[in-house]
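# What the coordinates show
Here's the letter readout for the chains.
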Amino acid sequence: MHTTTAATRFTDVAIYPGTEEGERYRVARIAGFPADPSLNMKRYPGRTIEDLTFTNVYVGGSRAWHPDDIAQIDWALPAAMEDEHLNNVLAQYFTDGKPTATFKPSRILTAPAPSRVYRDTIEALVATLDVSGFDLAATVFAMLLPRGVVLVDGVSTSGDGVDSKHGLGGYHGSIHRGKETIYYAVGAFSEAGNGIDVFPEGWKNTCAVFYHELCEVRTDPDVEDAIRAGSSPHADDFLGWYSPRGGEIGDIPLEEAGADLSSIVREVKLTRSNKHVPVQLMWSNAVGGPEGPIAKRHGL
């Protein structure tokens with residue numbers, strides 16, 4: 001069994017690698033690496049979620065959101081998560097080789113959002129969600145922050161941490177509420193220097209960031225428990241699929257792409273439609289690198 005030596009080797013964030021903060025996360029994860037199959041993810045004892053349910057939760061109230069942005073994200077993100085050829089890339093990481101994703105109707109939270117949202121801010125909000133009707137073991141709540149709100153990977157009591165004005169796109173985690181575990185992903189509305197902005201349209205960037213996070217929840221839902229476990233020799237037991245040298249399924253392509261993310265953050269054609277959706281390509285052990293949608297892989 002691989003043992004943990006430091007809590008900082010685990011990361012659950014999407015962050016632009018061309019920034020000073022991106023370098024900080026890279027060093028915490030691995031001191032530099034080439035594009036190489038040795039970066040491939042390893043199966044640890046923790047959970048995966050082959051049949052995922054997710055819902056979008058728009059933070060900040062209806063006045064903070066343009067209806068067109070909500071409509072586009074509510075269409076494009078489920079279309080990407082449910083797409084047959086995109087799921088074929090992920091199939092290699094699941095026993096049955098047939099991962100699915102189901103979208104449940106989104107909601108808008110009425111309370112206004114603060115100008116800066118910290119990890120404890122969002123986790124307190126997640127703790128108040130009405131989760132009735134959801135199978136929490138297979139569900140993730142995608143917490144979308146409105147335009148202009150800054151996301152921070154840190155706690156409000158310290159007042160610092162890497163933020164979305166300096167390359168952070170989003171992260172995922174979990175909270176424990178009694179005997180329940182509630183999984184969440186959170187991301188900035190990515191545009192104009194806030195978050196990871198590759199496309200001119202903010203909703204497209206936001207969709208790609210959440211595709212990254214939701215794919216990571218599918219393959220490594222309990223990474224935050226591994227972080228909490230710190231240097232415990234059993235910390236690795238919480239991990240699902242994780243690269244000892246590269247991080248989670250979405251992290252490695254971000255790092256390999258460097259400052260120019262256009263090679264991995266792109267619009268791809270849907271399997272059964274002429275429409276395109278914005279995604280970030282995920283790491284594929286089968287090819288030792290990021291992989292676009294595929295019709296079928298031999299043996300799956």
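Throughout what follows, the structure given in this document is the object of discussion. (Residues numbered from 1 in each chain as written. Predicted model: local features only at pLDDT ≥ 70, side-chain atom pairs only at ≥ 80, totals over all residues. Heavy atoms only, no water.)

What follows covers the overall build of the chain. The helix and strand inventory of the chain stands at seven helices and 15 strands. Within the span of the chain, comprising 300 residues, buried residues form 57% of the whole. In the chain, the share of contacts with a sequence separation of at least 24, taken over all contacts with a separation of at least 6, comes to 75%. Of the roughly 12,000 Å² that the chain leaves accessible, carbon and sulfur atoms contribute 53%. (Helix = DSSP H or I, 4+ residues; strand = E, 2+ residues; numbered from the N terminus. Buried < 20%, exposed > 50% of the residue type's maximum accessible area, 1.4 Å probe, protein only. Contact = heavy atoms within 4.5 Å. Areas by Shrake-Rupley, 256 points an atom, 1.4 Å probe, with all protein chains shown as cover.)

Attention now goes to the packing of helix α2 (residues 67–82) against helix α5 (residues 202–219). The contact between α2 and α5 brings their axes to 10 Å, and the two run at 40°. For the pair α2 and α5, the sense of crossing is right-handed. Of the residues in α5, those touching α2 at Asp69, Gln72, Ile73, Ala76, Leu77, Ala80 and Met81 are Trp203, Thr206, Cys207, Phe210, Tyr211, Leu214 and Arg218. Among the residues forming the contact of α2 with α5, the class breakdown is ten nonpolar, two polar and two charged. (Axes fitted to C-alpha atoms, helices over the stretch in contact; angles between N-to-C directions. Left-handed = near helix turned anticlockwise from the far one by under 90°. Nonpolar A, V, L, I, M, F, W, Y, C, P; charged D, E, K, R; others polar.)

Now for α2. Residues spaced three or four apart along an α-helix point in a common direction, a consequence of the helix completing one turn every 3.6 residues. Helix length check: α2 (16 residues) gives 23 Å between terminal C-alpha atoms against 22 Å at 1.5 Å per residue, within 8%. Turning to α2, its buried residues number three or more, namely Asp69, Ile70, Ile73, Asp74, Ala76, Leu77, Pro78, Ala79, Ala80 and Met81. For α2, the secondary structure elements touched by its buried residues are β3 (51–58), α3 (84–90), β4 (100–108), β6 (139–144), α5 and β13 (276–280). (Expected span 1.5 Å × (residues − 1).)

As a further point, take the pattern of salt bridges. Note that side chains of opposite charge can pair when their charged atoms are close. Evaluated as defined, the whole model comprises eleven salt bridges. For Lys204, the salt bridge goes to Glu201, with nearest N and O atoms at 3.5 Å. Judged by its relative accessible area of 11%, Lys204 is buried. The partner of Arg228 in a salt bridge is Asp225, with the nearest N and O atoms 2.5 Å apart. One end of the pair, Arg228, and the other, Asp225, are both in helix α6 (residues 223–229), three residues apart, so they sit about a helical turn from each other. Each of Arg119, Asp153, Glu224, Asp225 and Arg228 takes part in salt bridges that share partners, so that together they form one network. (Salt bridge = Lys/Arg side-chain N within 4 Å of Asp/Glu carboxyl O.)

What follows covers the environment of His166. The topology assignment puts His166 in the loop between β8 (162–163) and β9 (168–177). Its relative accessible area of 41% is what places His166 among the partly exposed residues.

Per the counting criterion, the structure on display carries five aromatic pairs. Seen from their ring centres, Tyr58 and Trp65 are 4.8 Å apart, and the 80° between their planes marks the pair as edge-to-face. Comparing Tyr58 with Trp65, the two get one shared label, buried. An aromatic cluster is defined as three or more aromatic residues linked by ring pairs; in this entry it consists of Tyr58, Trp65 and Phe189. Positioned above the aromatic ring of Phe134 is the side chain of Lys104, whose terminal nitrogen or guanidinium carbon lies 4.8 Å from the ring centre. (Phe/Tyr/Trp six-rings, centres within 6.5 Å; stacked < 30°, edge-to-face > 60°. Lys NZ or Arg CZ within 6 Å of the ring centre and 35° of its normal.)

Backbone geometry at Ala192 places phi at a positive 50°, although glycine is not the residue there. Looking at the secondary structure, you find Ala192 in the loop between β10 (180–187) and α5. Relative accessible area serves as the criterion here: at 71%, Ala192 is assigned to the exposed category.

Right, let's talk about the pairing of β13 for a bit. The buried count for β13 comes to four of five residues, which makes it a mostly enclosed element. Connecting strand β12 (residues 265–269) to the next strand, β13, in antiparallel fashion are six residues. (Pairing = 2+ DSSP bridges.)

Relative to the helices and strands, Asp220 resides in the loop between α5 and α6. No salt bridge is formed by the buried Asp220, whose closest oppositely charged neighbour, Arg43, lies at an N-O distance of 7.2 Å. In terms of polar contacts, Asp220 uses its side chain to reach the backbone amide nitrogen of Gly240, at 2.8 Å. With near-sequence residues (within four places) excluded, Asp220 lies in contact with Arg47, His172, Phe238, Leu239, Gly240, Trp241, Tyr242 and Glu248. (Lys, Arg positive; Asp, Glu negative; His and termini not counted. Polar contact = N/O pair within 3.5 Å; in protein donor to acceptor, adjacent residues only side chain to side chain.)

The next thing to look at is the environment of Trp75. Considering the arrangement of structural elements, one finds Trp75 in helix α2. Sequence separation between Trp75 and Cys207 is 132 residues, and the spatial gap between their C-alpha atoms is 9.8 Å. Apart from the residues lying within four places of it in its own chain, the contact partners of Trp75 are Leu270, Lys275, His276 and Val277.

So, about the layout of surface pockets. Taken as a whole, the second largest pocket spans an internal volume of roughly 290 Å³. Lining the second largest pocket are 15 residues, with Glu84, Asn88, Ala91, Gly97 and Lys98 sitting closest to its centre. If you list the elements that add at least two residues to the lining of the second largest pocket, you get α3 and β4. Element by element, the count of residues in the lining of the second largest pocket is highest for α3, at three residues. Among the residues making up the lining of the second largest pocket, the classes are represented as five nonpolar, four polar and six charged. (1 Å grid on protein atoms, 1.4 Å probe; cavity = no way out; pocket = protein on both sides within 12 Å on 5 of 7 lines; lining within 4 Å. Points joined across faces, edges and corners; volume = space filled by probe spheres on them.)

Worth remembering: the numbers are spatial, not functional.
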